[in-house]
Amino acid sequence: MLSPLAGLPAPPSLLVNVPKLITAYYSEIPDAHVPEQRVVFGTSGHRGSSFDKSFNEWHILAITQAICLYRTQHNINGPLFLGIDTHALSVPALVSALEVLAANKVEVMIAPNDEYTPTPVISHAILTYNQKRSTGLADGIVVTPSHNPPRDGGFKYNPPSGGPANQNVTHWIEKKANEFLENKLKNIKRVSFETALRADTTHRYDYLNTYVNDLANVVDLNLIRDSKIHMGVDPLGGAGVHYWQPIAHKYGLNMTITNETVDPTFSFMTVDWDGQIRMDPSSPYAMAKLIKLKNNFDISFACDTDYDRHGIISPSKGLLPSNHFQCLAISYLLEQRKKWHSSAAIGKTIVSSEMIDRTSKKLGRKLYEVPVGFKWFVEGLLDSSLCFASEESAGASFSRISGHVWTSDKDGIIAALLAAEMTAHYGRDIVEIYDKLVNELGPAVFDRIDAPATLEQKTILEKLTANQIHSTTLAGEKIQSILTNAPGNDAPIGGVKVITKSGWFAARPSGTEDIYRIYAESFQDADHLQQIITEAQTIINEALSIPGKNNEK
């Protein structure tokens, strides 16, 4: 059910008590025998809140020591690039991590003046360092819960491939970290934070300029500059808040930054659909302030707190659905990037719009369809067998203009700048270009709803099989297939996808929040889509033994 606060300024009653949150980080001790208090790596690292004993000092000490052991076992002895976002728990977690890293003699790269560092900038730093190296490879840690509410913290590991660690790596780290928790942190190496900062293994690295100076190799910034289009950007108080001004200055861009406030309570945000503060650039409720300014700019955009997601706003449409923008991006890039190899494929997740399939087919490109999680695209981006990869949740990365890898993690900054490049190239609102695609390829109406789910229900949904779906029809049509594995790599999707001739739905648990998601698409119209969603909820509720209807977005 939509909250009455959705899209409105956050009232004081919603703001997190930061002193209590940080006190809980240091004072509360997780019980390793309680599932909700153990280390769990979801689709993008370990996340939780100190209020719930799911993200405390013990977790970070244990995970960091496990990462140090993993590095030793796999002979990863180059620098570790360490970055944080603007969530309140990120600085305490960085302190804990650095104490362990220094004690383990790991060469650590942190930003000058304790600046925030976006996720894609960490990926870029890892790949830049590892280029042409086969030994002494670098890796990284990003302290972020992404777009999650202000009470949450997050911690994720990027191996030398530069992108999110795959399941083999995260399972090993998770298992070892939980062993440390069970043994009351025995055998964890640690020094004081003051000693860690002074250690000869702790270094300052110019993340900002290294990344910003390279941007012209992935986006046509000269075209944007020469067009003089007016761009608006709301940093949403995230890790890239101080990146936009240097980008605009270096490349001579006509850019207005609407709000440079950094506040760990995120009091400047408008409330998301469920009554929570959430820095989600794909949500029209979280993006309400920038949407109101849409007519002031030729194109405007925002990124989430760690800058691996994008939100694009056009003057005529407002916030573009992420699937629409990604189809536009694919169509534009494949036509304009002449140096990209013709065999390079398009990567998409199994819950993304079929418009991506149609666009790829129109342009003669192979499609690589995988489960949710950007980790599935890492190797393809690295070896350039993928030139574009995206998730439904507004995350994407793509190749440099040369056709070589840019980042192997999602990059909201280049997606935002690409929207500006496309606007400059077409000389008009990019929504008009998407409408042309729809006229050519046929309609596709997409939506996603979120509903609360317990850990037990999420576990059931993750392991759901086709045999547990008893319906034979969906929205008046025969069910053609039920998928539990992705077509591109045959990996389990952690849920189900049900397909008919005129539409589909997929259901899977969130790897980072206590919710499950239903994704649905109709190739007819909005009424047909709603019918699919209604029946999908009934099917999933029966499978999860949830009586009645859940709250939904």
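This text gives an overview of the structure that appears in the document. (Residues numbered from 1 in each chain as written. Predicted model: local features only at pLDDT ≥ 70, side-chain atom pairs only at ≥ 80, totals over all residues. Heavy atoms only, no water.)

### Some remarks on the overall build of the chain
In terms of regular secondary structure, the chain is built from 17 helices and 23 strands. Across its three principal directions, the C-alpha atoms of the chain cover 65 × 60 × 50 Å. In the chain, which comprises 553 residues, the proportion classed as buried is 62%. Looking at the chain alone, contacts between residues at least 24 apart form 71% of all its contacts between residues at least 6 apart. For the chain, the computed accessible surface area is about 21000 Å², with 49% contributed by carbon and sulfur atoms. Charge-centre separation for the chain: the mean point of 51 positive side chains lies 4 Å from the mean point of 60 negative side chains. (Helix = DSSP H or I, 4+ residues; strand = E, 2+ residues; numbered from the N terminus. Buried < 20%, exposed > 50% of the residue type's maximum accessible area, 1.4 Å probe, protein only. Contact = heavy atoms within 4.5 Å. Areas by Shrake-Rupley, 256 points an atom, 1.4 Å probe, with all protein chains shown as cover. Lys, Arg positive; Asp, Glu negative; His and termini not counted. Charge placed at Lys NZ, Arg CZ, Asp CG, Glu CD.)

### Here we look at the sheet that holds strand S20 (residues 481-485)
One open sheet accounts for five strands, arranged S17-S23-S22-S21-S20; its pairing is antiparallel. Edge positions in the sheet fall to strand S17 (445-452) and S20, since each has one partner strand and no second. If you compare each strand with its neighbour and ignore which way they point, the axes differ by 15° on average. Direction of pairing for S20 relative to strand S21 (residues 492-500): antiparallel, over a ladder of four bridges. Residue pairing for S21: Asn485 is matched across the bridge by Pro492. (Pairing = 2+ DSSP bridges. Axes fitted to C-alpha atoms, helices over the stretch in contact; angles between N-to-C directions.)

### Regarding the packing of helix H2 (residues 57-73) against helix H3 (residues 90-103)
Relative orientation of the contacting elements H2 and H3 amounts to 40°, with a least axis distance of 9 Å. The hand of the H2/H3 crossing is right-handed. Between H2 and H3, the contacting residues are Glu57, Ile60, Leu61, Thr64, Gln65 and Cys68 on the first element and Ala93, Ser96, Ala97, Val100 and Leu101 on the second. Class assignment of the residues belonging to the contact of H2 with H3 gives a composition of seven nonpolar, three polar and one charged. (Left-handed = near helix turned anticlockwise from the far one by under 90°. Nonpolar A, V, L, I, M, F, W, Y, C, P; charged D, E, K, R; others polar.)

### A few points about the pairing of strand S11 (residues 310-314)
The buried fraction of S11 is high, at five of five residues. Side-chain alternation along S11 places His310, Ile312 and Ser314 on one buried face and Gly311 and Ile313 on a second face that is also buried. The hairpin formed by strand S10 (residues 299-303) and S11 contains six residues between the paired strands, and Tyr307 there has a positive phi angle of roughly 70°. Relative to strand S12 (residues 318-319), S11 is paired through two bridges, and the arrangement is antiparallel. Bridging from a neighbouring strand, Ile313 pairs with Leu319 of S12. The hairpin formed by S11 and S12 contains three residues between the paired strands.

### A word on the environment of Ile469
The topology assignment puts Ile469 in the loop between helix H16 (455-462) and strand S18 (473-474). Residue classification places Ile469 among the buried positions, given a relative accessible area of 6%. Through-space distance from the C-alpha of Ile469 to that of Glu542 is 8.9 Å; in sequence the pair is 73 residues apart. Once you skip the residues sitting within four places of it in the chain, Ile469 turns out to touch Leu464, Ile482, Val496 and Ile539.

### Examining the sheet that holds strand S7 (residues 202-204)
Pairing within the open sheet is mixed, and its seven strands lie in the order S1-S2-S6-S5-S3-S4-S7. Two strands close off the open sheet at either side, each with one partner strand: strand S1 (41-42) and S7. With four bridges connecting them, strand S2 (residues 45-49) and strand S6 (residues 152-158) associate as antiparallel partners. Residue pairing for S6: Gly48 is matched across the bridge by Gly153. Here H2 sits on the sheet in contact with S1, S2, strand S3 (80-84), strand S5 (139-143) and S6, set at roughly 0° to S6.

### Comments concerning the packing of aromatic side chains
Tallying each qualifying case throughout the model produces 17 aromatic pairs. Plain terms: the ring middles of Tyr205 and Tyr207 are 4.8 Å apart, the flat faces sit at 75° to each other, and that makes the pair edge-to-face. Tyr207 carries the same exposure label as Tyr205, and that label is buried. Ring geometry for Tyr332 against Tyr426: centres 5.8 Å apart, planes inclined by 65°, an arrangement best described as edge-to-face. Remark: Tyr426 occurs in helix H14 (residues 412-426) and Tyr332 occurs in helix H11 (residues 322-336); sequence separation between them is 94 residues. Taken individually, Tyr332 and Tyr426 each receive the classification buried, so the pair is uniform in this respect. Each residue in the set Phe81, Tyr129, Tyr205 and Tyr207 is aromatic and connected to the rest through ring pairs, giving one cluster. The cationic tip of Arg133 hangs over the ring face of Tyr129; the distance from NZ or CZ to the ring centre is 3.8 Å. (Phe/Tyr/Trp six-rings, centres within 6.5 Å; stacked < 30°, edge-to-face > 60°. Lys NZ or Arg CZ within 6 Å of the ring centre and 35° of its normal.)

### Considerations on helix H5 (residues 167-182)
Every α-helical turn comprises 3.6 residues, leaving residues that sit three or four positions apart pointing alike. The terminal C-alpha atoms of H5 lie 22 Å apart, and with 16 residues this matches the ideal 22 Å at 1.5 Å per residue to within 8%. Buried within H5 we find Val169, Thr170, Ile173, Glu174, Ala177, Asn178, Phe180 and Leu181. On an axial view of H5, the arc spanned by its buried residues comes to 150°, and they lie on one face. Across H5 from its buried face, at more than 90 degrees, point the exposed residues Asn168 and Lys175. Its side-chain oxygen 3.0 Å from the backbone nitrogen of Asn168, Asn166 forms the N-cap of H5. Lys184, located one to two residues past H5, shows a positive phi value of around 55°. (Expected span 1.5 Å × (residues − 1). Arc of directions from axis to C-beta. Polar contact = N/O pair within 3.5 Å; in protein donor to acceptor, adjacent residues only side chain to side chain.)

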